[in-house]
Amino acid sequence: MVVSTLTTTTFSSCFPFPKCIPAHLKSSGGHPRTLCCSSGDEDLNGLINVSSMSESERRGGAQMVKSSDGELPAKNSEIWQLFKEARQNILYLDKQRALAIEELNKAISEKNSLLEKIEELELEKQAMDRKDQASICWQLLLRIDSMVLTGMINSEEVSKMRRLVMDHKVSIVDAFTDILQKKDAEVLAELRQFSYRSKKNGFHIVHICTEMAPIASFGAVASFVTGLSQALQRKGHLVEVILPKWIAKFKFNMLLSRYGSMNLNEVQGLREIEVEYYSYFNGQLHGNKIWTGVVRGIGVTFIQPLYYSSFFNREKAHGYSDDFERFMYFSRASLDYIVKSGKKPDVLHIHNWQTALIGPLFWDIFVQQGGIVYSNKVVIMSSTHSKGRIIHSSSHGLETTLNMHKEKLLVAPCGFDSSAWDPEKDKILPENYSADDMKGKAVCKIALQKKMGLAENSSFITVGCFLSDLSDLSDVDTENLRAIVQNATKMGVQFIFMMTGEVTSRHKGLESLQVKIEDANVRFINRHDETLSHLIFGGSDIILCHSLHDPILQVPLKALRYGSAPIAITTNNDNGFRHFPDHDNETTKLAMFINSTFGYLSFRQALDEINNNPSEWNHKVFDAMTKDFSWDAECCDIHISAYTAIKSL
């Protein structure tokens, strides 16, 4: 009997199920027969190729049916049984194939996750390597300081050694990875083995200030000192900081309302120099202890008075009747330390009123003792105002003085840490996004709405607002703000208010606002939550700002980076939200951009533009996200230009 097959399947030992071919159906050669797989229960006799048979064969077949006495039906029954078993085997194979595909997809997913993790670890390793490189360099530089103070090397040699470290960072790091285990004499011997190149590649800048993030933060100066110093070092300059060693318990981080002593956990390689040095105060010499360490890759020197130990052992940083004496002591001690350690920086960068005395002290006393270059430029930090606006409207009684010296004045914008605040790499966000691909922002909005218990819809306008305990909330018309919020919620606008500090007795306006606004579209968070703040920036369309110049929280800059429009909260117009642009030519790029895009908009105008002109709105958001307003950008460039100018004086 000849059977034409549609599909041929050979069942061999490689399959994970038993062969199911009866022995009596095998050929004499021991090979299994090929099977015809039918898709139904139709009569298998229909598969016989009748056209290929002769008449006699057809007759013989007919005779076989008649004479076999049921032989053919029996064989057909066996074939049908084989067919059913084959079909079961095929189904089993299909199931196994599906499981294999599922396992393969799972393996591919795990592989991709592993590759992403490897990439993250590699980036973290690179960042750590850069941090370790800066840390080792500064540990070495601070060891050189201790050698000067203990008399191991003179001021002339120390200047060459510092320049050696600055010019040969990579090779220095390789040679001094175990610097903490070496004695000063060993370090000095190894340093003298390096060849010195006299070519100068960058500025040596010394910041003298009373605060620095994250070890002692009282206001805007803290983040500015750290952010600018890191940016300058990334561009090849040598930057260090001199601070008082705060030893008392005080409110060192007003943003988080935390109390405690100086946060020394953030200081790498903290050590006391085993020598006592003296500084003048009230006509007498007084002893001080010197501590050194590295903070965020920046070398830091801490000055601790011995006799006047109470100067920096207070409940708060300033606000006492002897503030002038306290900071005069620190200013003079800082200059004495610079001279005794043999440092010859290109620039002394002083900050605010606490260290303003260093200017006249330097020119009257120290200018004859060394090659220190005093900064003859004044940089005013402002993200929105021009030089003219600052002189005439924000001079705090110094308008005449600033007018006389306006050629010295430079205006620089504040920056922010773009490595920690980047929606494209932010690990806190449920999905990352960029100016070129904004899909992830809609995901962030849904996640924010879900987190806050708001209606989940990416088309709803969501507004975030950060209110600091440093803000003068009495300037905010809470009744007007309440009316505006309630009017907006009727349009489906959602609001999320977050306090960044504790609510004090003079800030009851916010509590009053919270009581008066009871709406399903409004949420209040009466504490600072760092994780949630990232999600608010990521999921909001608008960020209400107490001011577009915010050197402490840097809310407007973060909002621009996250594609959330910063809109200022003011009370000088009927909408309750308005910022007036500054048309002075002597202003920063940031000020010009922010004033020309979002600064002129009231809150109501912003809502109208989102709803009625989305293409224009999206264009503004795109422009904001693609600009660099970090510490490394305009802020750093303006300071470098100031340093360059004073070097040529």
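On a predicted model such as this, the values are computed, not experimentally measured, just so you know.

### Thoughts on the overall build of the protein
Reasoning step 1: Tallying secondary structure elements over the protein gives 19 helices and 16 strands in all.
Reasoning step 2: Across the 649 residues that make up the protein, the buried fraction comes to 47%.
Reasoning step 3: The long-range share in the protein, meaning contacts at least 24 apart out of those at least 6 apart in sequence, stands at 73%.
Reasoning step 4: Of the roughly 32,300 Å² of accessible surface on the protein, 52% is carried by carbon and sulfur atoms.

### A closer look at the packing of helix 6 (residues 220-234) against helix 19 (residues 631-647)
Reasoning step 1: Contact geometry of helix 6 with helix 19 gives a least axis separation of 9 Å together with a crossing angle of 80 degrees. Overall, the two elements helix 6 and helix 19 adopt an arrangement that is roughly perpendicular. Of helix 19, the residues touching helix 6 (which contributes Ser 223, Phe 224, Gly 227, Leu 228, Ala 231, Leu 232 and Arg 234) are Trp 631, Asp 632, Cys 635, Cys 636, His 639, Ile 640 and Tyr 643.
Reasoning step 2: Here the residues of the contact of helix 6 with helix 19 sort into 9 nonpolar, 3 polar and 2 charged.

### Here we look at a nonpolar patch on the surface
Reasoning step 1: A surface patch of nonpolar side chains, about 290 Å² in accessible area, is lined by Leu 114, Leu 115 and Ile 118.
Reasoning step 2: Examined against the element boundaries, Ile 118 turns out to sit in helix 2 (residues 71-149).

### Section: the nonpolar core
If you look at soluble globular proteins, the nonpolar side chains tend to sit buried side by side.
Reasoning step 1: Formed by 62 residues in total, the largest nonpolar core has its most connected members in Phe 495, Ile 536, Ile 542, Leu 544, Phe 603 and Trp 617.
Reasoning step 2: At 5 residues, the largest contribution of residues to this core is made by strand 13 (residues 494-499).
Reasoning step 3: When neighbours within four sequence positions are excluded, Ile 536 is seen to be in contact with Leu 448, Gly 464, Phe 466, Ile 496, Met 498, Ile 525 and Ile 543.
Reasoning step 4: Within the second largest apolar cluster, 54 residues are counted, among which are Ile 208, Val 221, Ile 298 and Leu 361.

### Details of the packing of aromatic side chains
Reasoning step 1: Per the stated rule, a full pass over the model turns up 25 aromatic pairs.
Reasoning step 2: A centroid spacing of 5.1 Å and a plane angle of 80 degrees characterise the contact between Phe 281 and Tyr 308, whose relative ring orientation is edge-to-face. Remark: Tyr 308 occurs in the loop between strand 8 (298-305) and helix 7 (323-340) and Phe 281 occurs in strand 6 (residues 277-281); sequence separation between them is 27 residues.
Reasoning step 3: Summarising the aromatic geometry, the rings of Tyr 308 and Tyr 329 are spaced 5.6 Å apart at their centres and angled 55 degrees between planes, so their arrangement reads as tilted. Residue Tyr 308 is located in the loop between strand 8 and helix 7, and its partner Tyr 329 is located in helix 7; the two are separated by 21 residues in the primary sequence.
Reasoning step 4: Classification of Tyr 308 by relative accessible area gives buried; the value is 19%.
Reasoning step 5: Each member of the aromatic cluster is reached from another via a ring pair, and the members are Phe 218, Trp 246, Phe 312, Phe 327, Phe 330 and Trp 353.
Reasoning step 6: Sitting above the plane of the Trp 291 ring, Lys 245 keeps its charged end 4.8 Å from the centroid.

### Let's talk about the pattern of salt bridges
Reasoning step 1: Using the criterion set out here, one finds 15 salt bridges in the structure.
Reasoning step 2: Salt-bridge contacts for Asp 145 lead to Lys 343; the nearest nitrogen and oxygen are separated by 2.7 Å. Of the two residues, Asp 145 sits in helix 2 while Lys 343 sits in the loop between helix 7 and strand 9 (347-350), which places them 198 residues apart along the sequence. The two residues Asp 145 and Lys 343 agree in class, both being buried.
Reasoning step 3: Salt-bridge contacts for Asp 422 lead to Arg 561; the nearest nitrogen and oxygen are separated by 2.9 Å. Of this pair, Asp 422 sits in the loop between strand 11 (409-412) and helix 11 (439-452) while Arg 561 is found in helix 15 (residues 555-561), placing the two residues 139 residues apart along the sequence.
Reasoning step 4: The class for Arg 561 is buried, based on a relative accessible area of 17%.
Reasoning step 5: Bridged by salt links that share partners, the residues Asp 145, Arg 162, Glu 240 and Lys 343 form one connected network.

### So, the sheet that holds strand 13
Reasoning step 1: The strand order across the open sheet formed by 5 strands is 14-13-12-15-16, and the pairing between neighbours is parallel. Looking at the sheet topology across the chains shown, the edges are occupied by strand 14 (522-525) and strand 16 (565-568). Going across the sheet, the axis of each strand differs from the next one's by a mean of 20 degrees, ignoring polarity.
Reasoning step 2: Here strand 13 pairs with strand 14 via 4 bridges, running parallel. From the neighbouring strand, Met 498 faces strand 14, where its bridge partner is Ile 525.
Reasoning step 3: Sheet strands touched by helix 12 (residues 478-489): strand 13 and strand 14. Its angle to strand 13, the strand with the most contacts, is close to 140 degrees.
Reasoning step 4: Along the sheet face, helix 17 (residues 603-612) touches strand 12 (462-467), strand 13, strand 15 (542-545) and strand 16 and points at about 175 degrees away from the line of strand 15.

### Comments concerning the confidence of the model for the protein
Reasoning step 1: For the protein, the average pLDDT comes to 77, and 74% of its residues sit at 70 or higher.
Reasoning step 2: Mean pLDDT across the elements of the protein ranges from a minimum in strand 4 (residues 258-260), with 37, to a maximum in helix 11, with 96.
Reasoning step 3: Counting interchain partners and residues more than four positions distant, the pLDDT-below-50 stretch residues 1-68 has 59 contacts.
Reasoning step 4: In this model, residues 250-260 is a region of pLDDT below 50 whose contacts with residues beyond four sequence positions or in other chains number 48 contacts.

### Things to note about helix 6
Reasoning step 1: Taking 1.5 Å as the rise per residue, helix 6 with 15 residues should run 21 Å; its terminal C-alpha atoms sit 22 Å apart, in good agreement.
Reasoning step 2: Of all 15 residues in helix 6, 12 are buried; the element is thus mostly enclosed.
Reasoning step 3: Here helix 6 has its buried residues at Val 221, Ala 222, Ser 223, Phe 224, Val 225, Thr 226, Gly 227, Leu 228, Ser 229, Ala 231, Leu 232 and Gln 233.
Reasoning step 4: Once helix 6 ends, the next one or two residues include Gly 236, with phi positive near 95 degrees.

### Digging into the pairing of strand 13
Reasoning step 1: In terms of burial, strand 13 is a largely internal element, 6 of the 6 residues being buried.
Reasoning step 2: A two-sided burial pattern is seen for strand 13, the buried positions comprising Gln 494, Ile 496 and Met 498 on one face and Phe 495, Phe 497 and Met 499 on the other.
Reasoning step 3: Pairing geometry for strand 12 and strand 13, over 6 bridges, is parallel. The residue of strand 13 that forms the bridge with Val 463 is Phe 495.

### Regarding a negative patch on the surface
Reasoning step 1: Taken together, the side chains of Glu 424, Glu 431, Asp 436 and Asp 437 define an acidic patch exposed on the protein surface.
Reasoning step 2: By secondary structure assignment, the location of Glu 431 is in the loop between strand 11 and helix 11.

Cut-offs applied
Residues numbered from 1 in each chain as written. Predicted model: local features only at pLDDT ≥ 70, side-chain atom pairs only at ≥ 80, totals over all residues. Heavy atoms only, no water. Helix = DSSP H or I, 4+ residues; strand = E, 2+ residues; numbered from the N terminus. Buried < 20%, exposed > 50% of the residue type's maximum accessible area, 1.4 Å probe, protein only. Contact = heavy atoms within 4.5 Å. Areas by Shrake-Rupley, 256 points an atom, 1.4 Å probe, with all protein chains shown as cover. Axes fitted to C-alpha atoms, helices over the stretch in contact; angles between N-to-C directions. Parallel < 35°, antiparallel > 145°, perpendicular 65-115°, else oblique. Nonpolar A, V, L, I, M, F, W, Y, C, P; charged D, E, K, R; others polar. Patch = residues over 30% accessible without salt bridge, like charges linked within 9 Å, V, L, I, M, F, W, Y side chains within 5 Å. Salt bridge = Lys/Arg side-chain N within 4 Å of Asp/Glu carboxyl O. Core = buried A, V, L, I, M, F, W, Y, C linked by side-chain atoms within 4.5 Å. Phe/Tyr/Trp six-rings, centres within 6.5 Å; stacked < 30°, edge-to-face > 60°. Lys NZ or Arg CZ within 6 Å of the ring centre and 35° of its normal. Pairing = 2+ DSSP bridges. pLDDT = per-residue confidence, 0-100. Expected span 1.5 Å × (residues − 1). Lys, Arg positive; Asp, Glu negative; His and termini not counted. Charge placed at Lys NZ, Arg CZ, Asp CG, Glu CD.

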